[in-house]
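# Architecture and fold: a report
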Amino acid sequence: MGERERGGFWVGAAASVFYPLSWLGRRTYLGADKLPATGAALLVMNHVSHLDPPNDAVFVHRNRRVPRFMAKDSLFHVPLFGRMLAGSGGIPVYRGSAEARDSLRAAHQALREGKVVVIYPEGTITKDPTGWPMKARTGAARLALENDVPVIPAARWGTNHIWDGYTKKFHPFPRKEVTTALGDPIDLSAYRGLPVTSALLREVTDVMMREVRALLAGVRGEEPPAEFFRASARGASSDESAG
Ligand SMILES: CCCCCCCCCCCCCCCC(=O)OC[C@@H](O)COP(=O)(O)O
């Protein structure tokens, strides 16, 4: 095994909070070897619970990398947590505003520096009542197309059984299974070098999310729906923001 990627003080601080939170679940990691040991990667994940970030950060960290999370801007204003998020290299996403592009710029920079960037392309916890990924925003596709880095699909399931973000129900006992599964890098070669139009972004977004959904189907042992759920509220449509 090679060297662990070094974090700093705030990564240590985050670890001291996130590891205990991750222990709420009985964790299974599938395909962890698909996370590159060095260099840039874009980790594209579904989102089902507020406990996802601790689970996913610990997953990446235990595989000897430091995750850089795309996170909604308001989280950076939470006392202490915001400091920790910024200090550990979190990238603020200004959802649904012109500044969305600035957050993509910071994410491009992180990828150029060889970091692991974690993104939840749906931008929020799925509104699909059955927990499958919903129609995602296109920011992740833009990042994937404009950076020639491995784009790794990942699904995680079970955090939602511990903490359900919508019903605000906390069910730690009995301890729930939480599975995190990585797939092979997504081959986007057919799409690279084309003009980045909104149609292309939409298509690449759906290609990526179908991979995530297929991994999730494997974990759940269920057939996914044929279509991505569309939230009726604005925001989950094809507007371009970073997720
Ligand atoms: C273990 C080592 C730790 C290394 C560093 C980890 C740094 C801390 C990462 C915190 C990441 C937080 C990411 C949040 C992603 C996000 O912003 O998702 C949005 C949703 O949730 C909720 O949206 P909403 O619909 O508004 O409730």
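A short tour of the structure in this document, coming up. In this convention, every chain numbers its residues from 1, walking through the sequence in written order. Local features are withheld for residues below a pLDDT of 70 in this predicted model, meaning they are given only at 70 or higher, and side-chain atom pairs are given and counted only at 80 or more; totals for whole chains, interfaces and linings count all residues. Side-chain numbers here rest on the full set of heavy atoms in the structure, without hydrogens or water.

### Describing the environment of Arg112
- Note on conventions: DSSP H or I runs of at least 4 residues are helices, E runs of at least 2 residues are strands, and numbering of each starts at the N terminus. The topology assignment puts Arg112 in helix H4 (residues 100–112).
- Burial classes: relative accessible area under 20% of the type maximum marks a residue as buried, over 50% as exposed, and values in between as partly exposed (1.4 Å probe, protein chains only). A relative accessible area of 59% means that Arg112 is categorised as exposed.

### Here we look at the pairing of strand S3 (residues 67–72)
- Burial runs high along S3: five of the six residues are buried.
- Alignment of S3 against strand S5 (residues 116–119), held across three bridges, turns out to be parallel. Residue pairing across strands places Phe69 opposite Val118, the latter belonging to S5.
- Two strands form a pair only when DSSP identifies at least two bridges running between them. Where S3 and strand S4 (residues 91–93) come together, three bridges link them in parallel fashion.

### Some points on the side chain of Asp206
- Residue position: Asp206 is located in helix H7 (residues 198–220).
- Any N or O atom pair separated by 3.5 Å or less is treated as a polar contact, with the protein-specific requirement of one donor-capable and one acceptor-capable atom, and with residues adjacent in sequence counted only for side-chain atom pairs. Here Lys135 takes part through its side chain, which lies 3.2 Å from a polar atom of the side chain of Asp206.
- Once residues lying within four places of it in the same chain are set aside, the contact partners of Asp206 are Lys135 and Phe228. The contact rule is simple, with two residues in contact once any of their heavy atoms fall within 4.5 Å.

### Remarks on the nonpolar core
- We define a nonpolar core as any set of buried Ala, Val, Leu, Ile, Met, Phe, Trp, Tyr and Cys residues linked to one another through side-chain atoms lying within 4.5 Å. If you look at the biggest cluster of nonpolar residues, it comprises 31 residues, and the most contacted ones within it are Leu42, Val44, Leu188, Val204 and Met208.
- Considering each element in turn, this core owes the most residues, seven residues, to H7.
- Those residues in contact with Leu42 that sit more than four places away from it in its chain are Leu111, Val117, Ile119, Ala140, Leu143, Ala144, Val149, Pro150, Val151 and Ile152.
- Counting 20 residues, the second-largest nonpolar core is a separate cluster that includes Val58, Val60, Met84 and Tyr120.

### Brief notes about the site of the ligand
- Whether a residue is near a molecule or strand depends on its heavy atoms: if one lies within 4 Å, it is near. Taken together, 22 residues are adjacent to the ligand, and His47, Lys72, Ser88, Arg95 and Thr124 come closest.
- Within the side chain of His47, one N or O atom sits 2.8 Å away from an oxygen atom of the ligand.
- In this structure, an oxygen atom belonging to the ligand sits 2.6 Å away from a side-chain N or O atom of Lys72.
- Residue burial considers only the protein chains on display, and all accessible areas are found by Shrake-Rupley using a 1.4 Å probe. Here the ligand has 730 Å² of accessible area as a free molecule, and 91% of this is covered by the chains.
- Of all the elements in the fold, those that place two or more residues in the shell around the ligand are helix H1 (9–22), helix H2 (52–62) and S3.
- Tallied by class, the residues present in the shell around the ligand amount to 14 nonpolar, six polar and two charged. When residues are grouped by polarity, Ala, Val, Leu, Ile, Met, Phe, Trp, Tyr, Cys and Pro land in nonpolar, Asp, Glu, Lys and Arg in charged, and all others, Gly among them, in polar.

### Quick look at the packing of H1 against H2
- Contact geometry of H1 with H2 gives a least axis separation of 9 Å together with a crossing angle of 115 degrees. With respect to each other, H1 and H2 are oriented roughly perpendicular. Crossing of H1 against H2: the hand is left-handed. For the pair H1 and H2, contact is made by Val11, Phe18, Tyr19, Leu21 and Ser22 and by Pro53, Pro54, Asn55, Ala57, Val58, His61 and Arg62, respectively.
- In terms of residue class, the contact of H1 with H2 is made up of eight nonpolar, three polar and one charged. Under this scheme, a helix contributes an axis fitted over its contacting stretch, all axes are lines through C-alpha atoms, and angles between N-to-C directions fall in the 0 to 180 degree range. Orientation labels follow simple angle bins: below 35 degrees gives roughly parallel, above 145 gives roughly antiparallel, 65 to 115 gives roughly perpendicular, and whatever is left gives oblique. Here is the rule for handedness: rotate from the far helix to the near one, and if that takes an anticlockwise turn smaller than a right angle the crossing is left-handed, while a clockwise turn gives right-handed.

### Notes on the sheet that holds strand S9 (residues 176–182)
- One open sheet holds the seven strands; their spatial order is S1-S9-S6-S2-S5-S3-S4, and the pairing between them is mixed. Each edge of the open sheet is held by one strand with a lone partner, namely strand S1 (25–30) and S4. On average, each strand axis in the sheet is inclined to that of its neighbour by 25 degrees, with strand direction left out of account.
- Here helix H5 (residues 139–146) sits on the sheet in contact with strand S2 (41–45), S5 and strand S6 (151–157), set at roughly 155 degrees to S2.

### Overview of the pattern of salt bridges
- Any carboxyl oxygen of Asp or Glu that lies within 4 Å of a side-chain nitrogen of Lys or Arg is treated as forming a salt bridge with it. On inspection of all chains with the given rule, the structure shows 10 salt bridges.
- The shortest N-O distance in the salt bridge between Glu177 and Arg26 comes to 3.0 Å. Of the two residues, Glu177 sits in strand S9 while Arg26 sits in strand S1, which places them 151 residues apart along the sequence.
- Among the residues examined, Glu177 registers a relative accessible area of 44% and is labelled partly exposed.
- Classification of Arg26 by relative accessible area gives partly exposed; the value is 44%.
- Between Arg220 and Glu222 there is a salt bridge, and its shortest N-O distance comes to 3.2 Å.
- On the accessibility criterion, Glu222 (37% relative accessible area) is partly exposed.
- Three or more residues are tied together by salt bridges with common partners; here these are Asp52, Asp56 and Arg156.

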